[in-house]
Amino acid sequence: DAGVTQSPTHLIKTRGQQVTLRCSPKSGHDTVSWYQQALGQGPQFIFQYYEEEERQRGNFPDRFSGHQFPNYSSELNVNALLLGDSALYLCASSSRRMFNEKLFFGSGTQLSVL
Amino acid sequence: DQQVKQNSPSLSVQEGRISILNCDYTNSMFDYFLWYKKYPAEGPTFLISISSIKDKNEDGRFTVFLNKSAKHLSLHIVPSQPGDSAVYFCAASLNQGGKLIFGQGTELSVKP
């Protein structure tokens, strides 16, 4: 049973560029959340998607946007990259239908903005 | 505003002894608390959780204690094993399924 998979694992971009990160949830899961983890900090909630709609959003600017597809996979897009966007981006999935709210995390995408 | 705090960045314990990791929170509306463990180059993995209606939850070697009046929770690992060496995050949410607010993490090192 594949867990949460994220791609790519590493990415290097320059300031002002745009980036798209991808996530496939654990089999049977229908809810995807994205978190940003800066070095030495805990993960910070960006947003959560369920039934292809953004259901909750953390304190992140509109440069951060997302999408969920009918197969429950998800994308995180960041526009106009800043140096401060350098971080580990974690995708987490859960099953709202099964009332199983414990999050399963992927290994993350390490984004470096130069 | 750091709503969930782990004030000890690191903890070193001898194998076989007890590890106690602490976490404080400020929002009394938090309803659900969780502990996650993270190894390098891996995502966090769920360890144990507790709802605000309980004050203790056990799962094998792991026990979480919740003191609502002090807004404090702790994770006890007994006995500690070298494989427990990892970064431990506590997290809280206003409801099950809601966004998680994480602490900064405590790096546990268990010495053989």
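Refer to the structure printed above.
Reference entry: report on the structure contained in this document. (Residues numbered from 1 in each chain as written. Chains lettered and ligands numbered in written order. Predicted model: local features only at pLDDT ≥ 70, side-chain atom pairs only at ≥ 80, totals over all residues. Heavy atoms only, no water.)

1. Re the state of the cysteines
Note the following rule: For the purposes of this analysis, a disulfide is any pair of cysteine sulfur atoms at a distance within 2.5 Å. A run of DSSP states H or I qualifies as a helix once it reaches four residues; a run of E qualifies as a strand once it reaches two. Both are numbered from the N-terminal end. For every residue, the accessible area obtained with a 1.4 Å probe (protein chains only) is divided by the maximum for its type, and the residue is called buried under 20%, exposed over 50%, and partly exposed between those limits.
Summed over all chains, the structure comprises two disulfides over all chains. Shown here is the disulfide that connects Cys23 of chain A with Cys91 of chain A, its sulfur atoms set 1.8 Å apart. Residues Cys23 of chain A and Cys91 of chain A are joined by a disulfide whose S-S torsion is about -60°; by sign, that bridge is left-handed. Here Cys23 of chain A is found in strand 3 (residues 19-24), whereas its partner Cys91 of chain A is found in strand 9 (residues 87-95), with 68 residues between them in sequence. Take Cys23 of chain A: its relative accessible area is 2%, and that puts it in the buried class. Note on cysteine connectivity: Cys23 of chain B is disulfide-linked to Cys90 of chain B, with sulfurs 1.9 Å apart. A torsion of 65° about the S-S bond marks the disulfide between Cys23 of chain B and Cys90 of chain B as right-handed. Linking Cys23 of chain B in strand 3 (residues 19-25) with Cys90 of chain B in strand 9 (residues 86-93), this pair joins segments that are 67 residues apart in sequence. A residue is classified by how much of its surface remains accessible, and Cys23 of chain B, at 1% relative accessible area, is buried. Among the residues examined, Cys90 of chain B registers a relative accessible area of 0% and is labelled buried.

2. Some points on the packing of aromatic side chains
The criterion, for reference: Aromatic pairs are defined between Phe, Tyr and Trp rings, using the six-membered ring for Trp, whenever the two ring centres lie within 6.5 Å; interplanar angles under 30 degrees are classed as stacked, those over 60 as edge-to-face, and all others as tilted. In this scheme, the term charge over a ring applies when either NZ of a lysine or CZ of an arginine sits within 6 Å of the ring centre and within 35 degrees of the ring normal.
All told, the structure shown has 13 aromatic pairs over all chains when counted by the stated rule. Judged by centre distance (4.7 Å) and plane angle (45°), the rings of Tyr25 of chain B and Phe33 of chain B are tilted. Across the pair, Phe33 of chain B and Tyr25 of chain B agree in class, each one buried. An aromatic cluster is defined as three or more aromatic residues linked by ring pairs; in this entry it consists of Tyr35, Phe45 and Phe105 of chain A together with Tyr36, Phe46, Phe89 and Phe102 of chain B. Positioned over the ring face of Phe104 of chain A is Lys26 of chain A, at 5.1 Å from the centre of the ring.

3. Quick look at unusual backbone geometry
The peptide bond linking Ser7 of chain A to Pro8 of chain A adopts the cis configuration, its omega dihedral lying at -10°. In this structure, Pro8 of chain A sits in the loop between strand 1 (5-7) and strand 2 (10-13). Of note, the bond from Val78 of chain B into Pro79 of chain B is cis; its omega dihedral lies within 30 degrees of zero at -15°. We note that Glu52 of chain A has phi near 65°; this positive angle belongs to a residue other than glycine.

4. Let's talk about the interface of chain B and chain A
Put simply, the rule reads: We call two residues contacting when some pair of their heavy atoms lies within 4.5 Å. Buried area, as used here, totals the accessible surface that two parts lose on assembly, with accessibility defined by a 1.4 Å probe and the loss added over both. Any carboxyl oxygen of Asp or Glu within 4 Å of a side-chain nitrogen of Lys or Arg constitutes a salt bridge here. Pairs of N or O atoms within 3.5 Å make up the polar contacts considered here, provided that, within protein, one atom can donate a hydrogen while the other can accept it, and that residues adjacent in sequence are counted only when both atoms are side-chain atoms. Any residue outside Ala, Val, Leu, Ile, Met, Phe, Trp, Tyr, Cys, Pro, Asp, Glu, Lys and Arg is labelled polar, Gly included; the first ten of those are nonpolar and the last four are charged.
With 18 residues of chain B at the interface, the matching set in chain A holds 18 residues. Both faces considered, chain B and chain A share a buried interface measuring about 1,400 Å² in area, 59% of it formed by carbon and sulfur atoms. Scanning the region where chain B abuts chain A turns up zero salt bridges. The tally of links between chain B and chain A comes to two residue pairs in polar contact (both at pLDDT 80 or more). Elements with a minimum of two residues in the side of chain B that touches chain A: strand 4 (32-38) and strand 5 (45-51) of chain B. Top contributing element to the side of chain B that touches chain A by residue count: strand 4 of chain B, with three residues. Counted by class, the side of chain B that touches chain A contains eight nonpolar, seven polar and three charged residues.

Shape is all these values report; function is a separate question.
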